[in-house]
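In case you want the letters, here they are:
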Amino acid sequence: MTAASLDIHLTEDDLDAALRSDARVGLSADPKWLPPKYFYDARGSELFEQITELPEYYPTRTERALLERVVDEIADAAQPEVLVELGAGSAAKTRLLLTALSARAPLKKYVPQDVSPAALRAAADEVAAEFPGLAVHGVVSDFTDTLDNLPRGGRRMIAFLGGTIGNLIPEERAEFLARIHAVLEPGEHLLLGAGLVIDPAVLVPAYDDAAGVTAEFNRNVLHVLNSRLHADFAPEKFRHVAVWDAAREWIEMRLEASEDMTVTVADLDLTVRFGRGEQIRTEISAKFRIESFDAELAAAGFATGHVWTDADDRFALVLAQRR
């Protein structure tokens, strides 16, 4: 077995600088906002794993079941020599792809990308042990602005699963897809997992479960600010809110102040005032229609070759080719 290699293009100092900038800008805005990536410290990651097991939260299990059903078709259509995965995390679902792709020539390399060196090292080593004939080359970076650091060479397929594409607003999605297009060579593939527009009666509870796990996950971003920027948020004084924006066709998660309060972010020398009922937007999760999603891909220079959906049309896997 060849040991996994790891390239680090994002340091702790880089992450701290990004957090400081995002917190200052977002908490000074009107309305206030924070990026969803700051949910995911160790506790936030544990809470999200719990969310994926909840009865209301259909996206993870729906995507996995769909991937299990069509993985051989994906492998036959793309036939990559290199599989690149953005936001790899534990690479759990990717093992389905790796198994199918490894059963067919010519897969030679797996390139997982994530922001956490420790998590990426663990995942890369596990994959290297499980697939001893496969070169594993991890890349520590932020997929939103460091795509140029992905290794080139070999016919590649970039996988971006989990519906994470929906966390980007339309302008951010257009920029992201344009950057992917610039990184790929003509004929290479992009595999996307995307949640579809469905009945809000099913959709909203997926982000507002009865057990309150999503509420605790949402409030975790305030714990992160407290620990990393020495803020003095009282997370228990913020109510979790999840609403469906029918015009934009996305879920918004927010935190709502239960009373008037003043918060100090010591490391930023920033004082933030909240009125009772004032909200911080912490995440959007856009849902898509196949036709409009195809148009976004086409505008970025991709041709959609295959679209697979589950039986209830809740989730889609889209395989697009770079023109």
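Rules used throughout
- Residues numbered from 1 in each chain as written.
- Predicted model: local features only at pLDDT ≥ 70, side-chain atom pairs only at ≥ 80, totals over all residues.
- Heavy atoms only, no water.
- UniProt positions renumbered as here; feature names shortened; annotations may be inferred.
- Buried < 20%, exposed > 50% of the residue type's maximum accessible area, 1.4 Å probe, protein only.
- Helix = DSSP H or I, 4+ residues; strand = E, 2+ residues; numbered from the N terminus.
- Pairing = 2+ DSSP bridges.
- Right-handed = clockwise from strand over helix to strand, strands pointing away.
- Salt bridge = Lys/Arg side-chain N within 4 Å of Asp/Glu carboxyl O.
- Expected span 1.5 Å × (residues − 1).
- Phe/Tyr/Trp six-rings, centres within 6.5 Å; stacked < 30°, edge-to-face > 60°.
- Lys NZ or Arg CZ within 6 Å of the ring centre and 35° of its normal.

Per an unreviewed UniProt entry, the protein carries the name Histidine N-alpha-methyltransferase and comes from Nocardia abscessus. Listed under Catalytic activity (unreviewed entry) in UniProt, the entry text for the protein is "L-histidine + 3 S-adenosyl-L-methionine = hercynine + 3 S-adenosyl-L-homocysteine + 3 H(+)". Recorded under Pathway (unreviewed entry), the UniProt text for the protein is reproduced unchanged: "Amino-acid biosynthesis; ergothioneine biosynthesis."

Engineer: What is the right way to read the pairing of strand β3 (residues 82-85) from this model?
Structural biologist: Walk down a regular strand and you will see the side chains alternate between the two sheet faces. Burial along β3 is two-sided: Val-82 and Val-84 and Leu-83 and Glu-85, pointing in opposite directions, are all buried. Note: β3 against strand β4 (residues 109-114), four bridges, orientation parallel. Pairing of Leu-83 across the sheet is with Tyr-110, part of β4. Between the parallel elements β3 and β4, the chain passes through helix α4 (residues 94-102) in a crossover that is right-handed. Strand direction decides the pairing type here: β3 and strand β6 (residues 156-160), joined by four bridges, are parallel. Pairing of Glu-85 across the sheet is with Ala-159, part of β6.

Engineer: Help me out: how do you make sense of unusual backbone geometry in this one?
Structural biologist: Glycine aside, the phi torsion of most residues is negative, and most peptide linkages are trans. Following Asp-30, the chain continues into Pro-31 via a peptide bond in cis, with omega recorded as 5 degrees. Note on placement: Pro-31 falls in the loop between α1 (12-28) and β2 (32-33). A positive phi angle is found at Asp-313, which is not glycine, with a value near 55 degrees. Inspection of the secondary structure puts Asp-313 in the loop between β13 (302-309) and β14 (315-322). Accessibility expressed as a relative area gives 43% for Asp-313, which makes it partly exposed.

Engineer: Even after reading the chapter, I still don't get the sheet that holds strand β12 (residues 279-286), so can you show me in this structure?
Structural biologist: Sheet strands pair via backbone hydrogen bonds, and the direction of the pair is either parallel or antiparallel. Here four strands make up an open sheet; going across it, the order is β2-β12-β9-β8 and the pairing mixed. Single-partner strands in this sheet number two, and they are β2 and β8 (238-245). Pairing of β2 with β12 involves two bridges; the strand directions are parallel. Each bridged residue has a counterpart across the sheet, and for Trp-33 the counterpart in β12 is Arg-281.

Engineer: What's the story with the pattern of salt bridges in this structure? I'm lost.
Structural biologist: When the charged atoms of two side chains with opposite charge come close together, those side chains can pair. Counting across every chain of the model gives 22 salt bridges. Notably, a salt bridge pairs Arg-248 with Asp-245, separated by 2.9 Å at the nearest N-O pair. On the accessibility criterion, Asp-245 (17% relative accessible area) is buried. For the salt bridge of Glu-252 with Arg-254, the shortest nitrogen-to-oxygen distance reads 2.9 Å. With relative accessibility at 8%, the residue Glu-252 sits in the buried group. Linked through salt bridges whose partners overlap, the residues forming this network are Asp-72, Asp-76 and Arg-104.

Engineer: Explain helix α8 (residues 213-229) to me, please; I cannot follow it from the model alone.
Structural biologist: Helix length check: α8, at 17 residues, gives a terminal C-alpha distance of 24 Å against a target of 24 Å (1.5 Å per residue), a fit within 8%. Of all 17 residues making up α8, 13 are buried, and the element is well covered by its neighbours. Backbone geometry just downstream of α8 places His-230 in the positive-phi region, at approximately 55 degrees.

Engineer: Sorry if this is basic, but what is going on with the packing of aromatic side chains here?
Structural biologist: Going through the model one piece at a time under the given rule, you end up with 14 aromatic pairs. Judged by centre distance (6.3 Å) and plane angle (75 degrees), the rings of Phe-39 and Tyr-40 are edge-to-face. According to the relative accessible area criterion, Phe-39 is buried, its value standing at 0%. Pairing Phe-288 with Phe-293 gives two aromatic rings, centres 4.7 Å apart and planes at 45 degrees, and the pair type is tilted. A single burial state applies to Phe-288 and to Phe-293, both of which are buried. Aromatic ring contacts, followed pair by pair, group Phe-39, Tyr-40, Phe-48, Tyr-57, Tyr-207 and Phe-217 into a single cluster. The ring of Phe-274 has Lys-32 sitting right over it, with the charged end atom 5.0 Å from the ring centre. The lysine or arginine in question, Arg-314, covers the ring of Tyr-58, its NZ or CZ lying 5.2 Å from the ring centre.

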